[in-house]
Amino acid sequence: NYNECKMIVMQRFIKVDGKVRTDMFFPAGFMDVVQIEKTKEHFRLLYDTKSRFVMHKISKDEAEYKMCRIKQVFTGPKASPYAVTHDGRTLRYPDPEVKVNDSVRLDINTGKILDYVKFDIGNVVMISGGNNIGRVGVITHRERHPGSFEIVHVKDQAGKSFATRLHNVFVIG
């Protein structure tokens, strides 16, 4: 209940993305890593197919990183490149190959980019918005519509094909 939750959080047992959070109502989001120190449990927040958050249990070494989708790439002062992720992080000096819609694997402790996955046909994606939220599949085709929403066609494990808007697609591998 409320009081038990408050006591657990105030004892500094809960970490979100590697930082201790004492706010009961701290907004954790998609792909965030939640750690419970006392029980040595690690979870990643994902969506199920009914657009609810699911605590997906992960191992300790998998809890060291998180995937972030690149929303914007630009150059800042003194021509230093920046990238902004889906969770609001600003990454300085990303790899020049990293473009918008790609996903980067971030080290939670240092905030540095470990690896990146390009947004290409044949890559595994998870849908993070729209009617197909929570579905996982492989990109089969990308329709470009200048001035309108770009459409991505995805085929899931069961062989079903579906289409969704580009900004709903999160590359995971």
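Residues numbered from 1 in each chain as written. Predicted model: local features only at pLDDT ≥ 70, side-chain atom pairs only at ≥ 80, totals over all residues. Heavy atoms only, no water.

(A) Structural detail: the overall build of the chain. Helices and strands together make up the secondary structure of the chain, namely 1 helix and 15 strands. Within the chain, buried positions represent 38% of all 173 residues. Sequence separation of at least 24 residues holds for 35% of the intrachain contacts in the chain that already meet a minimum separation of 6. Accessible surface for the chain amounts to roughly 10,400 Å². Of this, 52% is attributable to carbon and sulfur atoms. Put simply, the chain has 28 plus and 20 minus side-chain charges, and the middle of one group is 3 Å from the middle of the other. (Helix = DSSP H or I, 4+ residues; strand = E, 2+ residues; numbered from the N terminus. Buried < 20%, exposed > 50% of the residue type's maximum accessible area, 1.4 Å probe, protein only. Contact = heavy atoms within 4.5 Å. Areas by Shrake-Rupley, 256 points an atom, 1.4 Å probe, with all protein chains shown as cover. Lys, Arg positive; Asp, Glu negative; His and termini not counted. Charge placed at Lys NZ, Arg CZ, Asp CG, Glu CD.)

(B) Examining the pattern of salt bridges more closely. Within the structure shown, the criterion is met by 12 salt bridges. Lysine 15 is paired through a salt bridge with glutamate 37; the nearest N and O atoms lie 3.7 Å apart. Linking lysine 15 in strand β1 (residues 14–16) with glutamate 37 in the loop between β3 (33–36) and β4 (41–47), this pair joins segments that are 22 residues apart in sequence. A relative accessible area of 22% means that lysine 15 is categorised as partly exposed. What makes glutamate 37 partly exposed here is its relative accessible area of 38%. (Salt bridge = Lys/Arg side-chain N within 4 Å of Asp/Glu carboxyl O.)

(C) Seen up close, the sheet that holds β4. A sheet is described by the order of its strands in space; here 5 strands give the open sequence β2-β1-β3-β4-β5, paired in antiparallel fashion. Unpaired on one side and paired on the other, β2 (19–20) and β5 (53–58) mark the two borders of the sheet. By the bridge criterion, 2 bridges tie β1 to β2 in an arrangement that is antiparallel. Across the sheet, residue lysine 15 finds its bridge partner in β2, namely valine 20. (Pairing = 2+ DSSP bridges.)

(D) Structural detail: unusual backbone geometry. One non-glycine residue, aspartate 17, lies in positive phi territory at about 55°. Secondary-structure assignment places aspartate 17 in the loop between β1 and β2.

(E) Broad picture of the nonpolar core. Ranked by size, the top nonpolar core spans 19 residues in total, and within it Phe30, Phe119, Val125 and Val152 carry the most contacts. When residues of this core are traced back to their parent elements, those giving at least two are β4, β11 (124–127), β13 (151–156) and β15 (169–171). Filtering out sequence-adjacent residues up to four positions away, phenylalanine 30 remains in contact with Leu45, Leu46, Tyr47, Phe53, His86, Met126, Ser128 and Phe170. Judged by nonpolar contacts, the second largest core, of 7 residues, contains Cys68, Ala83, Leu91 and Leu106. (Core = buried A, V, L, I, M, F, W, Y, C linked by side-chain atoms within 4.5 Å.)

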